[in-house]
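Close look at the chain arrangement
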Amino acid sequence: MKSRLESQFKWIRKLLGSARFAIPLLGVFALAMMVGTVIESRFGASVATLTVYMTWWFFLIQGLMLLSLIVAVLDRLPMQKRLYGFYLIHAGIVILIVGSVLTRYLGIDGTIQIEKGLEKSEVSLQEDQLILETTEEKLSLTLEPRVLTWTGLKTLAKTGLFKIDLIRYIPFAKAETIFVPKKGSTHVDLVVRNEQLAEKISLLNPGNLISPNSKKMGPLEIKMISWDEFERTRESAHQAARIIVQGESQSIELTKLPLNITLSGGEQLKARQVRLEKASLSFIEVQIGSRVYKFFPRYSEYPLKDHLEVDRSSPVRIVGKDSYINQGPWLHLAVDPNGQMHVRFIEKGALKTLAYPDGGILLPWMNLRLALTKVRKDETPELVFSEGAIHKESDKNIKAAQIQVTHFESATSTKFWISDLTATEQRVGPLSLAAMIGKKSVKLPFSVQLEKFQMEHNPGTMDAASYESDVLVHDSASKEVHSHKIFMNHPLKKAGFTLYQSSYFQDSDNEYVSVLSVNRDPGRWIKYFGAFVLVIGLIWHYLIVYTKISGIKK
Amino acid sequence: MRDLFTLIILKWCNLTGLIFLILLAPTSRADNHLCEQSVVAESPTLSEGRVKPLMVVAREFRKRSLSDNCRVSDSVLYCELSIYGVAEFEKRNNCRVEIRVEHDRVREILKTQSRSARLELVDDSRFALTTEYQNEEASGRGETGYALGLGRVLSSANRLHEILDRSDWKVLDSSNQWVSLSTVTMADLVQLLTLSSERLTNQEQFQLRNEITLEKTQPFSWALVLALGAFLLAMAGLKFAIWYLPSLIAACSVLGIQAFGVVLRGFVTSRAPVTNMYETVMWAGLGALFMGIVIAAKQKKTLFLALALATQVIILFMMRFSTSMLDSSLRPLVPVLRDNFWLSTHVTTITLSYACFAFAWIISNVALVKSMMRKKFASLDEWNTVIRINIQVGTVLLAAGIILGGVWADYSWGRFWGWDPKETWSLIALIIYMMILHGKYAGWFRGLGFTQASAFAFMFVLMAWFGVNYILATGLHSYGFSSGGASFLLTVFLAQVGILTLSRVRSSFPVR
């Protein structure tokens, strides 16, 4: 019995170490890679990775190759001088594979996208995750990478308050907008055109005074405001203005400051005029609680930040005729309770307010004509997702998931779509949460701040000849700061991480965003060593020994 | 063969034409012969991100965009079009200049049957062409042959317009700025052009001079003519041993001329000449011929020299005539490739390995054809030894080249291996040759089997070398095959399968 087992083991071992096992295995490996490249050329790198390069069976092939390499050496022991090169080749490949496994499981390979002035230490990785935020906590849940749509019911997480179930996950989705009823929300579709251009614009006012929705076309800003705001600012005189705070609107007169207002939430609002005699400048300072906002109503309805930047995320605005007139060309829209759209703009220095007439309005800029396509009152757009085509360019693909959040105490549960396009805000019973699909990330032990992004062009063209990022590196522990230039073949090395200049792109404001790739590779030197051994072995075996043994006969 | 003959005749005609021109050249150059002066052809201009001599810019533009029957040099054509416009130019030279139209469906839009169209015709159809182009781009089918055809006609017409309104031709003004010809008064032109090469930096002057030399001497065309002669000598050497030494010397001079061309190309761009398909093919020819000379010299046998020269003739022939697949123009590199050390070591190693495989492939096929034609089956051992040595050298170089590429990638963006199709296919080719070497060791491939296997293995090298760029990059849709490279590969593949099938059939049924 024992001898039979032994002979079987011997037979398997002999097979594993033999060329008749190795050759078909190499063939299968080559074939799998061919399939991988074809998939890559059609569906892009991420699909090829998921269907071939990172699958269990592809790893199995490589594992068997590793086994075959080792057994082939063991079978040819003790060492023979003739085969020194052979041992080195096989050892080199084994070391190379070991190094690659270390890189795969212990290494980090991610990117940082960084705009000028910003400081970042988060590195985003390849893997996706589901991010869910409530007022109290933030959950990051792993999403298994997939190519095909998954449907089922799987509990992703459970806390004391609520649980999250995944219902459907579409890795290659297409998005569609549908309209669902929502009280107070207004949505309009418009077309703005002249001889050269035609653009479709959709604007939404969600029904509060907080976030007017606007769209820029060159210098022209088209803004949808609520009917309430539109009405109340209709006939304002030069110094009359309204201060709008989070859904409340108060009439004020800019000449009769300071004043105190008690907001509906009980907070005190103080507004006063500040004169800077030296600079012959005056501004309005608004204080709510401990927060202070500085306004230059002639310049903008929004407060200004320290560097005279307009703070569009501010909860407070001061709206008046002055702030309108001095802004660039603008157009305000509002829909009255009967569903009639009204517009307001400045023509020849005078404020013009009119109800939208059938057939469109000719605007006083660039011969533009505005035409209304559709008004939706008490409706709000919502994105729904279905299976879509796979794009080769990975940034064109959309990932979407339908999840169900159940709040235990109120026994309410809500189903909704989330995606990697924008965060979805949702209420589940008393719970208010935001969810989206994002990339996994790790935090560096230091942060980088982009001071300057520079680019050189090939003469006479717009093709980049070189580009570089001037960064400040802030060490989190020692609080030290030093500067570094990162450019092609000149990376930044710190704390085991290497930051390379990878690429760049221009964001919606045409600002350059530098893309750095961040890398930590504990297998690097092992791989290099393996590669070195392999090449030495190859030269020894194929160029020195093997040509001598059966060289050319004269 | 006939094409080659034509080439030689053409070269000879060029030479005699040149002598005639020199003899007949008028001593005083009147203003209306402005463009014929050599200072114009050799003047520096800025094009595609690089300072080039006008003669090169003109040749590339003419070849890519125009279809004409004018008997003037490229730079005269370019210069006179800029100065006089199409109508006047056609009248002066009594010929026609039209835009090249290659794609059938583009011709349908232009409502023409001919392979070229008047500029006015393209302008009239511009809206239709642009709309079609945008539709094709938006279709998601990728870079289709049709989209490429449309794009080429549109860009050719645009370029011609730019030449006509004198904005394409850039000259260096007195303040060392590149300005359009339209800002220059014609009376000053010759003086300006003469001065502009002096205003260049030393490095630019050096590059410009070398590029003019490259353009005037055409080393690769001469190498082709000489390689053909050397090949014929080596063939004679197979019969009469006396021709062995002359053919070896001729082969060495082919190597010399080609090396001269390679060095010039390196000087022009100040980087290792290994950055596009044309240059990798150029290196492969050099490497294969070197291997052939070494083997022939060691063995004192002309056979493998003749085969290496055959490989070289094929490669030089491709470089000379297959211009749609192998573009000889020298362009600036994308930033990531601008590292001379890695670029030269990595690409050269890989290309030289491909050269060894190409040489082994040619020997295998000749051996296969030869064994088919013999009545009695002859031993292929001698051939197979040379094939094996080439494969061994190629395998070592390929493995080293792939590793160098990995180290470079790791050094430049921190990733040793990324399953990029180009690197994956080079690994596939390496694995295939590893299979052959293991198979030979295991005794699977013996005699004819080994020859057949090494002939077929080169198909994987072709895929790694060209297929990734010409087949996979176009997205594998049916349109991809309309471009030159893919159909070339398919032809070679089918021919190889044909030879292998015949060889197998023939060896299974020996003729008595």
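Residues numbered from 1 in each chain as written. Chains lettered and ligands numbered in written order. Predicted model: local features only at pLDDT ≥ 70, side-chain atom pairs only at ≥ 80, totals over all residues. Heavy atoms only, no water.

Some details on the overall build of chain A
Convention followed: Secondary structure elements follow DSSP: runs of H or I of four or more residues count as helices, runs of E of two or more count as strands, with numbering from the N terminus. The cut-offs for exposure are 20% and 50% of the maximum accessible area for each residue type, with area from a 1.4 Å probe on protein chains only; residues under the lower value are buried, those over the upper are exposed, and the others partly exposed. When checking whether two residues touch, look at their non-hydrogen atoms; a contact exists if any pair is within 4.5 Å. Each accessible area value is a Shrake-Rupley result obtained with a 1.4 Å probe; residue values ignore everything except the protein chains displayed when judging cover. As used throughout, the charge tally considers Lys and Arg to be positive and Asp and Glu to be negative, leaving His and the chain termini uncounted. All charge positions are set by atom: Lys at NZ, Arg at CZ, Asp at CG, Glu at CD.
Tallying secondary structure elements over chain A gives eight helices and 29 strands in all. Principal-axis analysis of the C-alpha atoms gives chain A an extent of 105 × 55 × 55 Å. Looking at chain A as a whole, 43% of its 554 residues are labelled buried. Taking the intrachain contacts of chain A between residues at least 6 apart in sequence as the baseline, contacts between residues at least 24 apart amount to 51%. For chain A, the accessible surface area stands at approximately 29,900 Å², while carbon and sulfur atoms represent 55% of it. Distance from the positive charge centre (68 side chains) to the negative charge centre (56 side chains) of chain A: 9 Å.

A short note on the sheet that holds strand β5 (residues 116-117) of chain B
Strands belonging to one sheet form pairs held by backbone hydrogen bonds; the direction of such a pair is parallel or antiparallel. We count it as follows: Two strands are counted as paired when DSSP detects at least two bridges linking them.
Taking strand neighbours across the sheet as the criterion, the three strands line up as β3-β4-β5 (chain B) in an open arrangement whose pairing is antiparallel. Strands at the two margins of the open sheet, each flanked by one partner only, are β3 (66-68) and β5 of chain B.

A closer look at the state of the cysteines
Residue and element names in this part refer to chain B. The cut-off we apply is this: Here, two cysteine sulfur atoms that lie within 2.5 Å of each other are counted as a disulfide.
Per the counting criterion, the structure on display carries two disulfides over all chains. Covalently, C35 is tied to C79 through a disulfide, its sulfur atoms 2.0 Å apart. Where C35 bonds to C79 through sulfur, the torsion about that S-S bond is close to -70°, and the disulfide is left-handed. Of this pair, C35 sits in the loop between α1 (2-24) and α2 (38-41) while C79 sits in helix α4 (residues 74-93), placing them 44 residues apart in sequence. Each member of the pair, C35 as well as C79, is classed as buried. Here the cysteine-cysteine linkages of chain B are recorded as 1-3, 2-4, numbering only bonded cysteines and doing so in sequence order. The thiol of C252 is not disulfide-bonded; the next cysteine sulfur, from C356, is found 17 Å away. You can call C356 buried: its relative accessible area is 3%.

Focus: the sheet that holds strand β18 (residues 350-355) of chain A
Residue and element names in this part refer to chain A. Rules: To get an axis, fit a line to the C-alpha atoms, keeping to the stretch in contact for a helix; angles then go from 0 to 180 degrees between the N-to-C directions.
Read across the open sheet, the five strands follow the order β7-β8-β16-β17-β18; overall the sheet is mixed. Two strands close off the open sheet at either side, each with one partner strand: β7 (213-217) and β18. Sheet twist, expressed as the average angle between the axes of neighbouring strands with direction ignored, equals 20°. Where strand β8 (residues 220-224) meets strand β16 (residues 330-335), four bridges bridge the pair, whose relative direction is parallel. Opposite M224, over in β16, you have L333 as the bridge partner.

Here we look at the nonpolar core
Residues and elements named next belong to chain B. Heads up, the rule is: Here, nonpolar core refers to any group of buried Ala, Val, Leu, Ile, Met, Phe, Trp, Tyr and Cys residues whose side-chain atoms link them within 4.5 Å.
Judged by nonpolar contacts, the single largest core of 142 residues is most densely connected at L326 and F466. Among all residues touching L326, those that are not within four sequence positions of it are M277, Y278, V281, M318, M319, F466 and Y470. In terms of nonpolar packing, the next biggest core, distinct from the first, is built from 44 residues, F89, C95, V106 and L129 among them.

Let's talk about the packing of α4(B) against helix α8 (residues 145-164) of chain B
For any two helices packed against each other, one specifies the inter-axial angle together with the distance between the axes. Residue and element names in this part refer to chain B. Counted only if it meets this: Note on angle classes: values under 35 degrees are labelled roughly parallel, values over 145 roughly antiparallel, values of 65 to 115 roughly perpendicular, and the remainder oblique.
As a packed pair, α4 and α8 sit with axes 8 Å apart at the nearest point and diverge in direction by 75°. In terms of orientation, α4 and α8 fall into the roughly perpendicular class. Here Y78, L81, S82, G85 and V86 of α4 come into contact with α8, specifically with L160, I163 and L164.

Focus on the confidence of the model for chain B
Low pLDDT means the predicted coordinates in that region are not meant to be read closely. Residues and elements named next belong to chain B. We apply this condition: Residue-level confidence of the predictor, termed pLDDT, takes values from 0 up to 100.
Per-residue confidence for chain B gives a mean pLDDT of 84; residues scoring 70 or more make up 88%. Looking at the elements of chain B, mean pLDDT is at its lowest for α1, recorded as 50, and at its highest for helix α17 (residues 421-442), recorded as 93. Counting contacts from residues 475-482, a segment whose pLDDT is below 50, to residues more than four positions away or on other chains yields 18 contacts. This prediction of the complex comes with two scores: 0.81 for pTM and 0.82 for ipTM.

Concerning the interface of chain A and chain B
Applied cut-off: Accessible-area loss on putting two parts together, using a 1.4 Å probe and summing over both, is the definition of buried area adopted here. The salt bridge definition used is simple: a Lys or Arg side-chain nitrogen within 4 Å of an Asp or Glu carboxyl oxygen. Side-chain atoms alone can form a polar contact between residues adjacent in sequence; in general such a contact is a pair of N or O atoms within 3.5 Å, and within protein one must be able to donate a hydrogen while the other accepts it. Residues are grouped as follows: Ala, Val, Leu, Ile, Met, Phe, Trp, Tyr, Cys and Pro are nonpolar; Asp, Glu, Lys and Arg are charged; all remaining types, including Gly, are polar.
Contacts between the two partners involve 50 residues from chain A and, on the opposite side, 49 residues from chain B. Contact between chain A and chain B buries roughly 4,600 Å² in total, counting both sides, with carbon and sulfur atoms accounting for 70%. In this structure, the connection of chain A to chain B is made through two salt bridges. Measuring nitrogen to oxygen at the nearest pair gives 2.9 Å for the salt bridge that ties D109(A) to R415(B). The tally of links between chain A and chain B comes to eight residue pairs in polar contact (both at pLDDT 80 or more). Elements with a contribution of two residues or more to the side of chain A that touches chain B: α2 (19-43), β25 (464-475), β29 (512-520) and α8 (524-549) of chain A. Counting residues per element, the side of chain A that touches chain B draws most heavily on α2(A), at 15 residues. Looking at side-chain class alone, the side of chain A that touches chain B contains 27 nonpolar, 14 polar and nine charged residues.

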